[in-house]
Amino acid sequence: MRRNPSIDGPGPFHARHLRPKSSYDLDNGYPVQCLPSHVRGGAAQLNGALVIRTDPAVRRAAVEAGYALDERSVRTPDVSVVPEGAGEEWGKVAPPLAIEYADRGQDEAELAGKIESLLEAGTRAVWVVRLTLPRRVEVHEPGAEPRVVGMEGVLELPGVLARPVRAAALFDPEQADLAALANLLERFGYKHPAEAYEEGFAAAWPCSTTEAVSRPHRPQKQNTSEYSSVLFVSSHSFTSPV
């Protein structure tokens, strides 16, 4: 499983040797350095985590969680869906979905090895979010050629995610917020934002008057069409709040 063809056999390290918060992964017993992201990458990573974490089918998601794919390999996706049985330390089961953010200076050979390791261990899809222009998402799945989804495209992973994900929501904070809103409404069984206010969410809204609660603040740049456009992927017919 070692990606360097000049090195034969497993390395000397095991998953038990790797400490939490280490700056290394393990690939077949060999350390692989994990470098920090630029601000752009860290911010985009948070957007993706928000979208995935709020999906109605996802019980747990994680940022930079390590998964022990075997006794000599630990891999750390930027964002992942945590599977049942993963435990609380190194994940004992490969994540069904892993998301990697790639920017300038990306070690492409190491990224390819990481993708291969995850898919071999049972990950159903690895989405590589490219932060360089043209922005896009590369979809890697077992036994299939990688495919590219542009910013206007939609990503799906039935059985892992309940709702399709707009590729732009993995980059753009406004798209991520709107996608999370749609996810949370569906998670709690609402077809329309107004239902949430009418059935109890208004009581928790941080306002001091009934009038303010009944008409919550929305950023000026957002309009009703934005709500409708981002919610198009739901099985419900969403309309904009009034």
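Residues numbered from 1 in each chain as written. Predicted model: local features only at pLDDT ≥ 70, side-chain atom pairs only at ≥ 80, totals over all residues. Heavy atoms only, no water.

Chemist: An account of the overall build of the protein is requested, with residue identities and associated values reported.
Modeler: Within the protein one finds six helices and 12 strands. The proportion of buried residues among the 242 residues of the protein is 45%. A separation threshold of at least 6 residues defines the contact pool for the protein, and within that pool the share at least 24 residues apart is 52%. When the accessible surface of the protein is summed, it comes to about 13300 Å², and 53% of that surface belongs to carbon and sulfur atoms. (Helix = DSSP H or I, 4+ residues; strand = E, 2+ residues; numbered from the N terminus. Buried < 20%, exposed > 50% of the residue type's maximum accessible area, 1.4 Å probe, protein only. Contact = heavy atoms within 4.5 Å. Areas by Shrake-Rupley, 256 points an atom, 1.4 Å probe, with all protein chains shown as cover.)

Chemist: Go over helix α2 (residues 108-121) with me, naming the residues and quoting the values.
Modeler: In an α-helix, one turn spans 3.6 residues, which is why side chains three or four residues apart end up on the same side. The end-to-end C-alpha distance of α2 is 20 Å, a good match for the 20 Å that 14 residues give at a rise of 1.5 Å each. Residues E110, L111, G113, K114, I115, S117, L118 and L119 constitute the buried set of α2. Where α2 begins, one side-chain oxygen reaches toward the backbone nitrogen of A109, 3.2 Å away; that side chain belongs to D107. Looking one or two residues past α2, G122 carries a phi angle of roughly 120 degrees, positive in sign. (Expected span 1.5 Å × (residues − 1). Polar contact = N/O pair within 3.5 Å; in protein donor to acceptor, adjacent residues only side chain to side chain.)

Chemist: How would you sum up the sheet that holds strand β8 (residues 125-130)? Please name residues and give values.
Modeler: The strand order across the open sheet built from six strands is β3-β6-β7-β8-β9-β10, with neighbouring strands paired in mixed fashion. Strands with a single pairing partner mark the edges of an open sheet, and in this sheet they are β3 (61-63) and β10 (147-150). Averaged over all pairs of adjacent strands, the angle between strand axes in this sheet comes to 20 degrees, irrespective of strand direction. Alignment of strand β7 (residues 97-102) against β8, held across six bridges, turns out to be parallel. Residue pairing for β8: Y101 is matched across the bridge by V129. Taken strand by strand, helix α1 (residues 39-53) contacts β3, β6 (79-81), β7 and β8, and its axis lies near 160 degrees from that of β7. The strands touched by α2 within the sheet are β7, β8 and β9 (136-140), with β8 carrying the most contacts at an inclination of about 155 degrees. (Pairing = 2+ DSSP bridges. Axes fitted to C-alpha atoms, helices over the stretch in contact; angles between N-to-C directions.)

Chemist: Give a description of the pattern of salt bridges that names residues and reports values.
Modeler: Enumeration over the complete set of coordinates arrives at 10 salt bridges. E110 is the partner of R75 in a salt bridge, and the nearest nitrogen-oxygen pair spans 2.6 Å. Remark: E110 occurs in helix α2 and R75 occurs in strand β5 (residues 73-75); sequence separation between them is 35 residues. Neither R75 nor E110 differs from the other in exposure class; each is buried. The network of salt bridges with shared partners includes D25, D27, R75 and E110. (Salt bridge = Lys/Arg side-chain N within 4 Å of Asp/Glu carboxyl O.)

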